[in-house]
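# Understanding the architecture of this molecule
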Amino acid sequence: MAGTALVLGGGGLTGIGWEVGMLAGLADAGIDLADADVVVGTSAGSIVGAHLAAEHLTPEAMYEHQLAAPEGRSAARMGPAALARFAAIALRSRDTVSFGVRMGKLALAARTVPEAEQRAVIARTLDLTDWPTRRLVITAVDAATGERTAFDDTSGVPLLDAVGASCAVPGIYPPVSIDGTRWIDGGVHSSANADLAAGYGRVVVVAPMAVSGGPIAGPRSQGAQLAREGARVCVITPDRAARSAFGRNVLDPAKRADAARAGRRQAADHVAEIRQVWSD
């Protein structure tokens, strides 16, 4: 097995902040995860992954952006009650596909902001138009069939639409329309989708949400499977201080700076294990 894979999981706006802080903190220690052969991004991780793979911003520049005051963006609401609702649906589902169908129905029936309005928000956040030359994989789930897909630069789908689909949290943001198909958050299948790193010899998973339940595999179980298949794997999830920094609503833009600082602090605790995995 050869090659390196960086997996960036979902976790809302605080998840973006924490991931960026983690990347900046690791860069402080001389570990550059941007040189991964493939970046797998889900939801929040699709935004961070796109910026990282495009290499137009350093981790430090990405971090400084997280510290800046939110630009008039109001907070959507995804707190413990919403997460508990999602978990209850997962526990009633026999597999990831049936869970995806249930979540798709929820998303399609929900009253949300118009799709065009949310697309404009994603466009401002992403600030990129073209797929990067470094391999980037972005996950989303078909709202009708419940099946996961992995968009990349060969899919014929614009980067903005792929990221928008991956970030379309059911019941909160509208499903994204691409060629007649409606897509929802890739985190519906898995919060990290680390299984897409199969075949790579060295894998680092940075997952703001370590949740699992029912048929939904969490990042640690997926990382363990990759290790059984022969990869060197490191899975990082938020510590207690980071979880506290997130607050009770992961979509609150006012908390992203605290989350970024927490990620940068936590990075120091993982330098040795990541260096062991990432080095040749």
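The structure under discussion appears in the preceding block.
Residues numbered from 1 in each chain as written. Predicted model: local features only at pLDDT ≥ 70, side-chain atom pairs only at ≥ 80, totals over all residues. Heavy atoms only, no water.

## Observations concerning the overall build of the chain
This is how the line gets drawn: Counting from the N terminus, the helices are the DSSP runs of H or I reaching at least four residues and the strands are the DSSP runs of E reaching at least two. For a compact globule the rule gives 2.2 Å times the number of residues to the power 0.38, and the radius of gyration it is set against comes from C-alpha atoms. Accessible area is worked out with a 1.4 Å probe on protein chains only. A residue is then buried under 20% of its type maximum, exposed over 50%, and partly exposed in between.
Scanning the chain for helices and strands turns up eleven helices and eight strands. The C-alpha radius of gyration of the chain comes to 17 Å, within 12% of the 19 Å expected for a compact globule of 280 residues. Referenced to the eigenvectors of the C-alpha coordinate spread, the extents of the chain come out at roughly 50 × 45 × 35 Å. Across the 280 residues of the chain, 56% fall into the buried class.

## Some remarks on helix α7 (residues 159-166)
Counting buried residues in α7 gives eight out of eight residues, a clear majority hidden from the surface. Of the positions making up α7, those classed as buried are Leu159, Leu160, Asp161, Ala162, Val163, Gly164, Ala165 and Ser166.

## Some points on the nonpolar core
Going by this rule: Take the buried Ala, Val, Leu, Ile, Met, Phe, Trp, Tyr and Cys residues and link them wherever side-chain atoms come within 4.5 Å; each set so joined is a nonpolar core. Contacts between residues were defined by any pair of non-hydrogen atoms, one from each residue, lying within 4.5 Å.
Core analysis: the biggest nonpolar cluster contains 57 residues, and Leu6, Leu33, Phe151, Val204 and Ile274 have the highest contact counts within it. The biggest single contributor to this core is helix α1 (residues 12-28), with eight residues. In contact with phenylalanine 151, not counting residues within four places along its chain, are Trp131, Leu136, Val137, Ile138, Ala140, Val157, Ala162, Ala165, Ile178 and Trp183. Within the second largest apolar cluster, 18 residues are counted, among which are Ala143, Val169, Ile184 and Val250.

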